[in-house]
Structures are given as structure tokens and as C-alpha cells.
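Descriptive analysis of the structure
Chain by chain, the residues run as shown.
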Amino acid sequence: MADKMVEAVPPGGSHETDVVIVGAGPVGLFAVFELGLLGIKARLIDILDHPGGQCIELYPEKPILDIPAIKSISGEQLTRQLLEQIEPFEPKFHLNEMAIGVSKSDNDNWRIETDMGTTIEAPVICIAAGGGSFQPKKPPIPGVEDFEDQSVFFAVREREKFRDKTIVIAGGGDSALDWTINLEPIAKKITLIHRRPDFRAAPDSVEKMQELVKAGKIDLKIAQIKGLTGEGGMISAVETETKEGEKDAIACDTMLTFYGLTMKLGPIADFGLNLEENRIAVDTEKFESSVPGIFCVGDMAHYPGKLKLILSGFHEAALMSHGAFHYVFPEKKLKFQHTTSSKSLREKVT
Ligand SMILES: Cc1cc2nc3c(=O)[nH]c(=O)nc-3n(C[C@H](O)[C@H](O)[C@H](O)COP(=O)(O)OP(=O)(O)OC[C@H]3O[C@@H](n4cnc5c(N)ncnc54)[C@H](O)[C@@H]3O)c2cc1C
């Protein structure tokens with residue numbers, strides 16, 4: 001993916017909205033549209049640094065063939081089109097942040113908290129967390145846990161933290177190359193280590209990385225990582241060995257590894273909601289959980305007959321929005337309208 005698609009709200013601070021959506025996958029994005037039609041504002045939280053969920057992270061280029069009325073669309077294109085569709089509603093994105101806790105505020109609204117110190121209050125929470133939060137896989141490097149989160153990191157949460165650092169970046173996919181290119185202007189030195197000379201990243205990123213190597217701006221090492229040196233949690237070198245058995249130690253004060261992502265239910269398990277088969281049990285009238293005012297749509301929702309399909313999530317988002325309306329506007333009556341025949345709905349989306 002060449003760009004990050006949307007501007008994120010800087011982490012931290014207290015915010016208010018009508019609905020907080022946990023998860024900016026396809027269903028979370030479409031929920032913004034359905035809520036928007038009813039005059040309901042939304043903010044989205046995602047641990048990834050871009051929207052799109054599984055569509056972008058797991059199959060950005062594969063054709064999806066079962067989106068109604070669209071013969072074929074890639075995961076990335078579907079995400080871009082959803083973002084375009086919800087643009088009139090000006091949703092706010094809190095990216096690179098994990099929703100870690102839910103509590104009640106003094107005025108009886110929900111307060112959701114993230115691991116970056118952001119809090120958002122709203123009368124409604126909609127969980128659209130799919131298969132769970134994407135979390136980086138730990139690299140199989142002996143002793144890595146001694147340095148984890150002190151000088152070895154598995155993701156970039158704040159770019160500035162890497163300014164003036166001597167960094168080893170390990171991996172050969174999009175994230176490894178994107179961050180090599182992105183951190184090069186601010187790092188003191190970068191060495192990219194990959195076990196093979198071919199890379200899984202977008203050809204454009206591979207080309208840019210090779211240009212940086214040619215220009216002497218970064219080093220590239222094709223070798224296996226054998227171990228780490230350092231003490232007190234601070235790394236001082238990465239030990240490598242090539243296929244031919246040549247050993248080396250690359251001096252560094254920081255290491256970033258990108259060995260792919262895995263999906264975990266994560267903190268949602270502790271939100272106090274009834275779970276079934278590790279998903280949130282909901283009714284099929286409003287897709288509300290066991291806790292009033294907390295709804296769940298998309299792959300994370302559990303009910304008899306649930307199909308983990310994008311189109312099912314879109315349907316759930318429409319019904320959830322009607323349920324959410326009564327919490328956001330308790331004094332108003334909801335009038336069902338079609339976008340084709342309602343002038344006010346048409347005005348909202350143009
Ligand atoms: C290889 C593959 C091919 C597929 N092909 C199709 C297809 O052809 N047609 C089809 O309809 N479906 C297909 N699917 C399924 C489809 O991708 C899912 O149904 C869809 O992505 C579900 O959308 P979602 O928004 O519910 O969740 P997701 O896409 O999983 O998005 C959820 C988001 O929530 C975030 N999140 C979770 N917990 C937290 C938290 N605590 N804090 C912050 N963020 C959090 C995650 O990081 C993630 O970005 C496919 C799936 C795969 C893996």
C-alpha cells in the first residue's frame with residue numbers, strides 16, 4: 001500500500017462523539033455510512049496504522065467477487081471506495097491505537113480508553129473488531145524477550161522515537177521496507193537484514209530501498225539473524241550468519257522486526273460482554289451485545305447462522321445504526337427512509 005489512506009488524530013487527549021467504533025475494517029467503515037445517514041457521528045479506533053482490516057492486511061490485491069453489484073474488486077480498492085463513500089460524514093480515525101478498556105463516565109456515557117492514553121466518550125460503542133486486533137508476530141530470535149519494548153520493537157507506534165538511532169530492521173515484506181524508507185531521513189544509520197535476496201514487498205518499495213543502498217544511505221545485509229548482544233535491555237549488536245557460513249555482528253542501539261501479523265481477541269475479552277466461541281454474542285434485531293449500548297457487527301459478532309462475509313457485516317451495520325439511534329437521540333423518533341427518495345438523506349452524502 002503506497003499511502004496510509006487517511007489522516008489519524010494524534011494520540012492522547014479526551015474526545016466525545018456519538019458512536020465509537022472499535023475496528024476500521026470494511027464493516028467498521030460501512031458502519032460510519034449507515035450511522036451518518038441517521039445523523040450520527042463516529043470515531044474509529046484501530047491498532048493498525050491504516051483502515052481496511054483484513055482486506056488490506058491479508059489480501060489487498062485479491063479479487064473479491066461477492067460484494068453485491070460489483071463484479072470484482074480488490075481488498076485495497078474496496079477499502080478506498082468505502083473511505084470515499086464515508087468522506088461526507090467526516091469520521092475521525094484514531095490509528096495505531098489499541099482499545100484496551102471500557103467504563104462508564106459520570107454522565108452515564110461509555111468511556112473507551114486506548115493504550116496511547118486517548119479517551120473517547122459516547123453513548124454507544126460499536127465493536128467491529130473482526131477476527132481480533134492485528135498484533136505483530138515475535139521473531140524467533142533467541143533471547144529477544146530480554147530486549148523487547150526497550151530497544152527491540154515489533155512495530156512503529158511513534159516515528160519520532162527512532163530519530164538519531166542506529167537501527168537494524170529485520171524482514172523482507174511491505175512493513176520492513178516501508179519503515180526502512182520512512183525512517184531513513186531521521187535515523188542515524190539503518191541496516192536492513194533479510195535472509196534472502198528477494199523481497200515480498202511492493203516492487204516500488206523494493207526499487208526505492210535498492211536506490212538507498214546504491215546511494216550509500218542504508219546498508220543491506222542478506223543473512224540469518226543468529227542472536228542479539230547487549231545488556232540491561234539495551235541492544236548493542238545483531239549477530240548474523242550468511243548461507244556461506246560467514247559470521248558478522250552489526251552494531252546498533254535499536255532493532256525493529258517485521259515478521260508478519262497475527263489476529264488476537266485481545267483486550268475485548270475483558271470488556272464484560274457475553275462471549276461465545278471467542279466472539280461477542282449479539283441479538284439479530286439490533287446486533288446489541290449483552291450490555292445495553294454496546295453493539296457488535298462484522299466477523300466479531302456471534303449469532304446463529306452468522307457468515308463471516310463482508311456483505312453480512314454491511315447488513316448488520318444498517319440494523320446496528322437503527323439500534324444506536326435510540327441511545328444517541330432518545331427524544332427523537334426514527335423515520336425509515338430510502339436514499340433514492342429522501343432529499344435530506346441525499347444532502348447528507350453529497
Ligand atoms: C484471505 C481471505 C479472503 C477473504 N475473502 C473474502 C471474500 O471474498 N468475500 C467476503 O465477503 N469476505 C472475505 N473474507 C472475509 C472478510 O475479510 C471479513 O469478513 C471482513 O474483513 C470482516 O470485516 P470486519 O470489519 O468485521 O473485520 P476486520 O477486517 O477483521 O477488521 C477488524 C479491525 O479491528 C481492529 N481491532 C480489533 N480489535 C481491536 C482493538 N482492541 N483495538 C483496536 N483495533 C482493533 C483490527 O486491527 C482490524 O483492523 C476473506 C478473509 C480472508 C482472510
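Please refer to the structure placed before this passage.
What you are looking at is a predicted structure, and each value in this text was computed from that prediction instead of being measured. (Residues numbered from 1 in each chain as written. Predicted model: local features only at pLDDT ≥ 70, side-chain atom pairs only at ≥ 80, totals over all residues. Heavy atoms only, no water.)

A separate point is the sheet that holds strand S9 (residues 119-122). Pairing between the strands of a sheet comes from backbone hydrogen bonds, and it takes one of two forms, parallel or antiparallel. In space, the four strands of this open sheet follow the order S1-S9-S8-S7, with mixed pairing throughout. The two strands at the open ends of the sheet, each matched to only one other strand, are strand S1 (14-16) and strand S7 (99-104). Within the sheet, the average angular offset between the axes of one strand and its neighbour, ignoring direction, is 20°. Bridge analysis of strand S8 (residues 110-114) against S9 gives four bridges, and the strand direction is antiparallel. Residue pairing across strands places Arg111 opposite Glu121, the latter belonging to S9. (Pairing = 2+ DSSP bridges. Helix = DSSP H or I, 4+ residues; strand = E, 2+ residues; numbered from the N terminus. Axes fitted to C-alpha atoms, helices over the stretch in contact; angles between N-to-C directions.)

Between its first and last C-alpha, helix H5 (residues 203-214) extends 16 Å over 12 residues, near the 16 Å set by a 1.5 Å rise per residue. Every buried residue of H5 is accounted for by Ser205, Val206, Met209 and Leu212. All buried residues of H5 project into a common sector of 120° when viewed along the axis, lining one side. What points out from H5, more than 90 degrees from its buried face, is the exposed set Pro203 and Lys214. Buried positions along H5 lie against helix H4 (174-183), strand S14 (189-194) and strand S15 (219-222). (Expected span 1.5 Å × (residues − 1). Buried < 20%, exposed > 50% of the residue type's maximum accessible area, 1.4 Å probe, protein only. Arc of directions from axis to C-beta. Contact = heavy atoms within 4.5 Å.)

Here we come to the packing of aromatic side chains. Within this structure, the stated rule accounts for seven aromatic pairs. On the numbers, 5.7 Å between centres and 85° between planes, the contact of Phe153 with Phe162 is edge-to-face. Phe162 carries the same exposure label as Phe153, and that label is buried. Between Phe295 and Tyr327, the ring centres sit 5.9 Å apart and the planes meet at 85°, which makes this aromatic pair edge-to-face. One end of the pair, Phe295, is in strand S23 (residues 294-296); the other, Tyr327, is in helix H6 (residues 310-328), with 32 residues separating them in the sequence. On the basis of relative accessibility, which here comes to 31%, the residue Tyr327 falls in the partly exposed class. Pairwise contacts between aromatic rings join Phe30, Phe33, Phe89 and Phe314 into one cluster. Over the face of the ring belonging to Trp110 we find Lys104, whose NZ or CZ atom lies 4.2 Å from the ring centre. Looking at Lys332, its charged tip hangs above the ring of Phe329, at a distance of 4.1 Å from the centre. (Phe/Tyr/Trp six-rings, centres within 6.5 Å; stacked < 30°, edge-to-face > 60°. Lys NZ or Arg CZ within 6 Å of the ring centre and 35° of its normal.)

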